Amino acid sequence: MSPTTTPTTETPSTSAYAAVEAGTPRFARLRGSLQQLLAAASLIVIVVFFSFASSHFFTANNLISILTAATVTGILALGTTFVIITGGIDLSIGTGMVLCGVMAGVFLTYWGWPLWAGVIATILFGALIGLVNGVNISIFGIPPFIATLGMMLIAAGLSLVISGTKPIYFNDTPEFQQIMNLSIIPGLRFPLGVVIFIVMIVVAALLLSKTIVGRYAFSIGSNEAATELSGVNVRRWKIIIYTMAGLFVGLAGVLSASRLSSAQPTGGMGLELEAIAAVVIGGTSLQGGKGSIVGTVIGALIMAVLTNGLRIISVPQEWQSVAVGIVILIAVYLDMLRRRRA
């Protein structure tokens, strides 16, 4: 008679704990390291190609121009990384950024607030947009695609209504223009906005890898049901993550308006796709549970280098759009392929 064995039973709590562990930044970074290496290699290849294609590409001024161009999209992508890791999406970041720029014009130009108060209020207004998205998704159960699509249209409409369909200029607050454009290195045009971008990269990386926000973001994206069974208030943390992403949108709105020295109410459409593309190119999965800030930064640089290089070698604007679209499709296909193999 064979000895009897007691079957092991996995309780919901142990299964949830396993899901949380599988979703931690350490494991996610290991799974996404190959995609990051491929993205970094692609960036190097693109830089080398355009360096040979044009002698004007690999110069100090042009490289700084690339970093400057990557700043706004990159900051949007940093916040979006957290959202996509949870398995969500945010289509409102482009028009939301424009609305934040318009509100900066309202605070500083129309209402005459001090610079520091107007900037803080603008960033917090971005957080309000994210909070509304989070509540719609978590409390009312609206799918992220639909909730943020609706917010995208609302933000676009409010930008036109509040501004009266006209740009708002910051002529009375010249110090606002220096937030993005002030050169901090004598003899070299190295804008303050790029430094802010670098600081936000460090902040986002620490939040994702060293704090409970990042841990729960990975966990929710890996297995939302098991995470909820483990006692985590998934609804609350989704709201927190969308609100935090809104802070990045508000900051991007400040930098964009500062760079242009005006709030343009008709812009922003399409920036959400560039930011999402940067996140996906960097190895963050659209299905959630995988991603990194380093990968997102590489993706944002790829988008900026590609656009800059095509412009330098005089590729027509319509073909630039075609090239960017092809890059996005390739990135999504690689993400799907990686998921199938996993």
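Everything discussed here concerns the structure shown above.
Note that the coordinates shown come from a computational prediction; the quantities given were computed from them, not determined experimentally.

Draft legend 1. Representation of the overall build of the protein chain within the structure. Helices and strands together make up the secondary structure of the protein chain, namely 14 helices and four strands. The long-range share in the protein chain, meaning contacts at least 24 apart out of those at least 6 apart in sequence, stands at 79%. As displayed, the protein chain has an accessible area near 15,900 Å², and 69% of this comes from carbon and sulfur atoms.

Draft legend 2. The nonpolar core, seen in detail. Membership of the largest hydrophobic core comes to 89 residues, with the highest contact counts inside it found for Leu76, Leu78, Met97, Phe176, Ile293 and Val305. Looking at this core element by element, the count peaks at 13 residues for helix H11 (residues 234-260). Look past the residues within four positions of Val305 in its chain and what remains in contact with it is Leu43, Ile46, Val47, Phe50, Phe57 and Ile66.

Draft legend 3. Representation of the layout of surface pockets in the model. Within this model, the largest pocket holds a volume of roughly 760 Å³. Forming the walls of the largest pocket are 33 residues, and the residues nearest its centre are Ala69, Thr73, Arg259, Leu271 and Glu274. Elements that contribute at least two residues to the lining of the largest pocket include exactly helix H3 (60-85), helix H4 (93-110), H11, strand S4 (262-263), helix H12 (271-281), helix H13 (293-312) and helix H14 (317-341). Per-class residue counts for the lining of the largest pocket are 15 nonpolar, 15 polar and three charged. In this structure, the second largest pocket spans a volume of roughly 260 Å³. Around the second largest pocket, the lining comprises 14 residues; the ones closest to its centre are Ser42, Ile281, Val327, Ile330 and Leu334.

Draft legend 4. Up close: helix H8 (residues 192-210). Over its 19 residues, H8 extends 27 Å from the first C-alpha to the last, a length consistent with the 27 Å expected when each residue adds 1.5 Å. For H8, every residue scored as buried is listed here: Gly193, Val194, Phe197, Met200, Ile201, Ala204 and Leu208. Take H8 and look down its axis: the buried residues cluster within an arc of 115°, on one side only.

Draft legend 5. Focus on helix H7 (residues 174-181). Among the residues making up H7, those that are buried are Phe176, Ile179 and Met180. For H7, the angular spread of the buried residues around the axis is 80°, confining them to a single face. Buried residues in H7 make contact with H3, H4, helix H5 (115-138), strand S3 (188-191), H8 and H11.

Draft legend 6. The environment of Ser219, seen in detail. As for its position among the elements, Ser219 is in helix H9 (residues 212-222). What makes Ser219 buried here is its relative accessible area of 0%. The sequence separation of Ser219 and Val234 amounts to 15 residues, and the corresponding C-alpha distance is 9.7 Å.

Draft legend 7. Summary view of a nonpolar patch on the surface. On the surface, a nonpolar cluster with roughly 590 Å² of combined accessible area is contributed by Trp319, Val322, Ile326, Ile330, Tyr333 and Leu334. Considering the arrangement of structural elements, one finds Tyr333 in helix H14.

Draft legend 8. Spatial organisation of the packing of aromatic side chains. In total, this model carries seven aromatic pairs according to the counting rule given. Centroid distance Tyr216 to Trp237: 5.0 Å. Interplanar angle 70°. Geometry classified as edge-to-face. Linking Tyr216 in helix H9 with Trp237 in helix H11, this pair joins segments that are 21 residues apart in sequence. The exposure class of Tyr216 is buried, given its relative accessible area of 16%. Since its relative accessible area comes to 11%, Trp237 is described here as buried. Three or more aromatic residues joined by ring pairs make a cluster, and in this case those are Phe49, Phe50 and Phe57.

Draft legend 9. A look at the packing of H9 against H11. At a minimum axis separation of 10 Å, H9 and H11 run at an interaxial angle of 115°. Considering how the two elements wind past one another, H9 and H11 form a crossing that is left-handed. Within the contact between the two elements, H9 uses Ile212, Val213, Tyr216, Ala217 and Ile220 and H11 uses Val234, Trp237, Lys238, Ile241 and Met244. Its residues assigned to classes, the contact of H9 with H11 shows nine nonpolar, no polar and one charged.

Draft legend 10. Region of interest: the pattern of salt bridges. Taken as a whole, this structure holds one salt bridge when the rule is applied. Linking Glu224 and Lys238 is a salt bridge whose minimum nitrogen-to-oxygen distance equals 3.2 Å. Here the residue Glu224 occupies a position in helix H10 (residues 224-229), and Lys238 occupies one in helix H11, the gap between them amounting to 14 residues. With relative accessibility at 33%, the residue Glu224 sits in the partly exposed group.

Draft legend 11. Looking closely at the side chain of Thr95. Of note, Thr95 is situated in helix H4. Taking the relative accessible area as the measure of exposure, Thr95 reaches 1% and is therefore buried. A distance of 2.9 Å separates the side chain of Thr95 from the backbone oxygen of Met152, its partner in a polar contact. Ignoring anything within four residues of it in the chain, the contact list for Thr95 reads Met151, Met152, Ala155, Ala156, Ser159, Gly268, Met269 and Glu272.

The rules behind the values
- Residues numbered from 1 in each chain as written.
- Predicted model: local features only at pLDDT ≥ 70, side-chain atom pairs only at ≥ 80, totals over all residues.
- Heavy atoms only, no water.
- Helix = DSSP H or I, 4+ residues; strand = E, 2+ residues; numbered from the N terminus.
- Contact = heavy atoms within 4.5 Å.
- Areas by Shrake-Rupley, 256 points an atom, 1.4 Å probe, with all protein chains shown as cover.
- Core = buried A, V, L, I, M, F, W, Y, C linked by side-chain atoms within 4.5 Å.
- Buried < 20%, exposed > 50% of the residue type's maximum accessible area, 1.4 Å probe, protein only.
- 1 Å grid on protein atoms, 1.4 Å probe; cavity = no way out; pocket = protein on both sides within 12 Å on 5 of 7 lines; lining within 4 Å.
- Points joined across faces, edges and corners; volume = space filled by probe spheres on them.
- Nonpolar A, V, L, I, M, F, W, Y, C, P; charged D, E, K, R; others polar.
- Expected span 1.5 Å × (residues − 1).
- Arc of directions from axis to C-beta.
- Patch = residues over 30% accessible without salt bridge, like charges linked within 9 Å, V, L, I, M, F, W, Y side chains within 5 Å.
- Salt bridge = Lys/Arg side-chain N within 4 Å of Asp/Glu carboxyl O.
- Phe/Tyr/Trp six-rings, centres within 6.5 Å; stacked < 30°, edge-to-face > 60°.
- Axes fitted to C-alpha atoms, helices over the stretch in contact; angles between N-to-C directions.
- Left-handed = near helix turned anticlockwise from the far one by under 90°.
- Polar contact = N/O pair within 3.5 Å; in protein donor to acceptor, adjacent residues only side chain to side chain.

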